[in-house]
Amino acid sequence: MINDPANVPAETIQGFVQTFPERYVQVKGVKGVRVKDVKDKVALVIGGGSGHEPMYGMFVGENLADASANGNIFASPDPNTIMQTVLEVERRKGVLFVYGNYSGDNLNFDMASELLENMDISCRTVRVWDDVASASRERITDRRGIAGAVMVIKVAGAAAGAGLDLDETCRVAQKARDNTFSIGVALSGGTIPGERKPAFSLPDNEIEFGMGVHGEPGIRRMEMKTADEIVDILLEKLLEESGIQKGEEVCTLINGLGSTTLAELYILNRRLIQRLSEKEIIVHHMDVNSYITCQEMAGASISLMRMDEELKKYYDAPCYSPYYLKK
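A brief look at the structure comes next. Not measured: the values here are computed from a predicted model. (Residues numbered from 1 in each chain as written. Predicted model: local features only at pLDDT ≥ 70, side-chain atom pairs only at ≥ 80, totals over all residues. Heavy atoms only, no water.)

## Looking at the packing of helix α2 (residues 79–89) against helix α3 (residues 103–117)
Turning to step 1, where the next piece is worked out: Between α2 and α3, the least distance of the axes is 8 Å, while the angle of their chain directions is 50°. On the basis of the axis angle, α2 is oblique to α3. Seen along the crossing, α2 lies across α3 with a hand that is right-handed. Residues Pro-79, Ile-82, Met-83, Val-86 and Leu-87 of α2 pack against Asn-108, Phe-109, Met-111, Ala-112, Leu-115 and Leu-116 of α3.
Turning to step 2, where the next piece is worked out: Across the contact of α2 with α3, the residue classes break down as ten nonpolar, one polar and no charged. (Axes fitted to C-alpha atoms, helices over the stretch in contact; angles between N-to-C directions. Helix = DSSP H or I, 4+ residues; strand = E, 2+ residues; numbered from the N terminus. Parallel < 35°, antiparallel > 145°, perpendicular 65-115°, else oblique. Left-handed = near helix turned anticlockwise from the far one by under 90°. Contact = heavy atoms within 4.5 Å. Nonpolar A, V, L, I, M, F, W, Y, C, P; charged D, E, K, R; others polar.)

Right under this line is the structure:
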């Protein structure tokens, strides 16, 4: 149910800010969203391609991001969009960028940073590379970002909200990023508005492990498994890559990719709780929802964040957006 496919990102933003006019404002002239009440602190600006709603444009709010710069469907925001978005929320205390590790985002956010630095606005960047299926540990900076960005933004937003300076906010966000690990499974592809076919297709009886949120190839295909079997396979890979062991403490996220029902996500989470308990890994907090989607892609991902006292302090801080509430 759309109008012109080319106008989907802009009309989505318009509908969002008009639904919550007491909290949000659209950045004039670009596809940016910002909080209405801008605080005197380090600015946290996130962003990326549209088509992953509610991430990124709707993860703006109290102890989350101050603003989001948004591109077209599955495309990075351009440097001007990023720069104009920053200028509406930056209060001379610097800006921290947090976004998924994709080449277009890296290029455009870096270009915007250079322009802003030339205006004497200090910038720092944390690229989220939590997808353990997308590259080896030796090439960790080549890994792409998926649903773990939710957890990193939560920590970074609370750190900025607590009044930390730019370097300390960046350090805490990097620490959150470096302790976050994700992997997903896809059952079917999502369709870009205006296209007739999904970005990829799978036979009805097959699933793919390690798919990216734009339909990037995974690490293997196999016959359809039960929910418990899927969780077991994903968790085994996460624990292998993260090194999380008995006695350690984690936060978890089961993220739906668009068309997967809450019933299915909770069935997955039920098994995750069981397996972590068996392994004597302590769960600090669990979350289940569809935060980073791929249009109507069917599937889900699991994210783990290894916790310590500092990360728990910021993760536990109250936050609010219409799609992410933690008291």
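## Description of the pattern of salt bridges
Opposite charge on two side chains permits them to pair, given that their charged atoms come into close proximity.
Turning to step 1, where the next piece is worked out: Under the definition given, this model contains 26 salt bridges.
Turning to step 2, where the next piece is worked out: The closest approach of N and O atoms between Asp-131 and Arg-144, which form a salt bridge, is 2.7 Å. Residue Asp-131 is located in the loop between β6 (123–128) and α4 (148–161), and its partner Arg-144 is located in the loop between β6 and α4; the two are separated by 13 residues in the primary sequence. By the burial criterion, Asp-131 is buried, and Arg-144 matches it. (Salt bridge = Lys/Arg side-chain N within 4 Å of Asp/Glu carboxyl O. Buried < 20%, exposed > 50% of the residue type's maximum accessible area, 1.4 Å probe, protein only.)

## Some thoughts on the packing of aromatic side chains
Turning to step 1, where the next piece is worked out: Counting across every chain of the model gives nine aromatic pairs.
Turning to step 2, where the next piece is worked out: With 6.4 Å between their ring centres and 35° between their planes, Phe-16 and Tyr-323 make a pair best called tilted. Placement of the pair is Phe-16 in helix α1 (residues 8–19) and Tyr-323 in the loop between β13 (319–321) and β14 (324–326), with a sequence separation of 307 residues.
Turning to step 3, where the next piece is worked out: You can call Tyr-323 partly exposed: its relative accessible area is 37%.
Turning to step 4, where the next piece is worked out: Taken together, a centroid distance of 5.2 Å and an interplanar angle of 70° make the contact between Phe-97 and Phe-109 edge-to-face. (Phe/Tyr/Trp six-rings, centres within 6.5 Å; stacked < 30°, edge-to-face > 60°.)

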